[in-house]
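What follows is the residue order along each chain.
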Amino acid sequence: MKPKTENLLKYNINQSVCYWCYDSIPLEDFLISLNGLGIKGIDLIGEKDWPLLKKYNIDSAMCNGAEISLTEGWCDPKYHETLIANYTKMIPKVAHAGYTNLICFSGNRRGMNDKEGLEHCVQGLQQILPLAEQHGVIIHMELLNAKVDHEDYMCDKTEWGVALCKRLGSDNFKLLYDIYHMQIMEGDIIRTIQENHAYIGHYHTGGNPGRNEINDSQELNYPAIMKAIHKTGYKGYVAQEFIPTWPDKIAALKEGVTICDI
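Residues numbered from 1 in each chain as written. Predicted model: local features only at pLDDT ≥ 70, side-chain atom pairs only at ≥ 80, totals over all residues. Heavy atoms only, no water.

Caption draft 1: Summary view of the sheet that holds strand S1 (residues 14-17). As summarised here, the arrangement of the 6 strands in space is S1-S8-S7-S6-S5-S4, forming an open sheet in which the pairing is parallel. Two strands close off the open sheet at either side, each with one partner strand: S1 and strand S4 (101-104). Between one strand and the next, the sheet's axes are offset by a mean angle of 30°, whatever the strand orientation. Across 4 bridges, strand S5 (residues 138-142) lies against strand S6 (residues 173-178) in parallel orientation. Paired with Met141 across the strands is Leu175, a residue of S6. (Pairing = 2+ DSSP bridges. Helix = DSSP H or I, 4+ residues; strand = E, 2+ residues; numbered from the N terminus. Axes fitted to C-alpha atoms, helices over the stretch in contact; angles between N-to-C directions.)

Caption draft 2: Structural detail: the packing of helix H4 (residues 114-125) against helix H6 (residues 158-168). Running from N to C, H4 and H6 point in directions that differ by 40°, and their axes come no closer than 10 Å. Here H4 lies oblique to H6, going by the angle between them. Relative to H6, H4 is oriented so that their crossing is right-handed. Of the residues in H6, those in contact with Asp114, Gly117, Leu118, Glu119, Cys121, Val122 and Leu125 of H4 are Trp160, Ala163, Leu164, Arg167 and Leu168. A class-by-class count of the residues in the contact of H4 with H6 yields 8 nonpolar, 1 polar and 3 charged. (Parallel < 35°, antiparallel > 145°, perpendicular 65-115°, else oblique. Left-handed = near helix turned anticlockwise from the far one by under 90°. Contact = heavy atoms within 4.5 Å. Nonpolar A, V, L, I, M, F, W, Y, C, P; charged D, E, K, R; others polar.)

Caption draft 3: How the structure looks around the pairing of strand S3 (residues 59-62). Here strand S2 (residues 41-43) runs beside S3; their pairing, made up of 3 bridges, is parallel. Note on S3: the bridge partner recorded for Gly41 is Asp59. As for the winding sense of the linkage, the β-α-β connection from S2 through helix H2 (residues 50-55) to S3 is right-handed. (Right-handed = clockwise from strand over helix to strand, strands pointing away.)

Caption draft 4: View of the side chain of Asn208. Within the secondary structure, Asn208 is located in the loop between strand S7 (200-204) and helix H9 (222-231). Residue class for Asn208 comes out buried when judged on its relative accessible area of 9%. With residues up to four places along the chain from it excluded, the contact list for Asn208 reads Tyr180, Gln183, Ile184, Gln218, Glu219 and Leu220. (Buried < 20%, exposed > 50% of the residue type's maximum accessible area, 1.4 Å probe, protein only.)

Caption draft 5: Here's a closer look at H6. Regarding H6, the residues found buried are Thr158, Trp160, Gly161, Val162, Leu164, Cys165 and Leu168. After H6 finishes, the residue Gly169 shows a positive phi value of roughly 60°.

Caption draft 6: Local environment of the state of the cysteines. Summed over all chains, the structure comprises 0 disulfides. Counting only cysteine sulfurs, Cys21 is the nearest neighbor of Cys18, a cysteine outside any disulfide, at a range of 5.7 Å. The structure places no disulfide on Cys165, whose sulfur is separated from the nearest cysteine sulfur, that of Cys155, by 8.2 Å. Under the relative-accessibility criterion, Cys165 is labelled buried at 5%. (Disulfide = S-S within 2.5 Å.)

Caption draft 7: Spotlight on the environment of Leu9. Inspection of the secondary structure assignment puts Leu9 in the segment before S1. Residue classification places Leu9 among the buried residues on the basis of a relative accessible area of 13%.

Caption draft 8: Up close: the side chain of Asn196. Within the secondary structure, Asn196 is located in helix H8 (residues 189-196). When sequence neighbours within four positions are dropped, the list of residues in contact with Asn196 reads Thr158 and Val162.

So this is what it looks like as structure tokens:
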């Protein structure tokens, strides 16, 4: 029997959650809590746990498992052979499981400038995008901040990510726009979303500073941001990726979900 939903969400925003922020809770217990909260998706769960997600009717909203690491990515050609092999194996698995989204990372600059890194990403990603298009899988490169959490990361600005999308010219390549990270790097979140939403396929949340709860303890106005996302016509997922500080992590998650349920 499926657990009864505790609250009725509007679902103007489809919400997911990143499990790594809650991984002190056993996954099955966490999925039961998601059913109770009305959350439809979970991010960054490996393929071995996909059958458990299906048991609780939770979508694998952003699949992983093909990347090497956050620092070893597509902007460095020495990783292309491994990455191409990994994504060639994973893309059909994602599609066969009935999922759509698969994450990737630029990796670190290691002395490369923006133009060099962009060219290398284009050269590498062009070799897997036909397969992604064939299987209906969308590859998402995550925007991360290089100021606080991920020093030297290449894809640290929306403008650079959008330029990569334009060069690749495929509907099967999008950006994972992490609101927390982009607040640190460039701010102007709502205008950026309004102007670039066509290139954004997924969103992550987090309170700044600290990547904790997204309530009035931090500087971002999440209800306004969610309204802006909804106004673009976006139908994908917004995943909660804040690290809860409350003793009751599920209560913190419920608060975040309620804040974003515009």
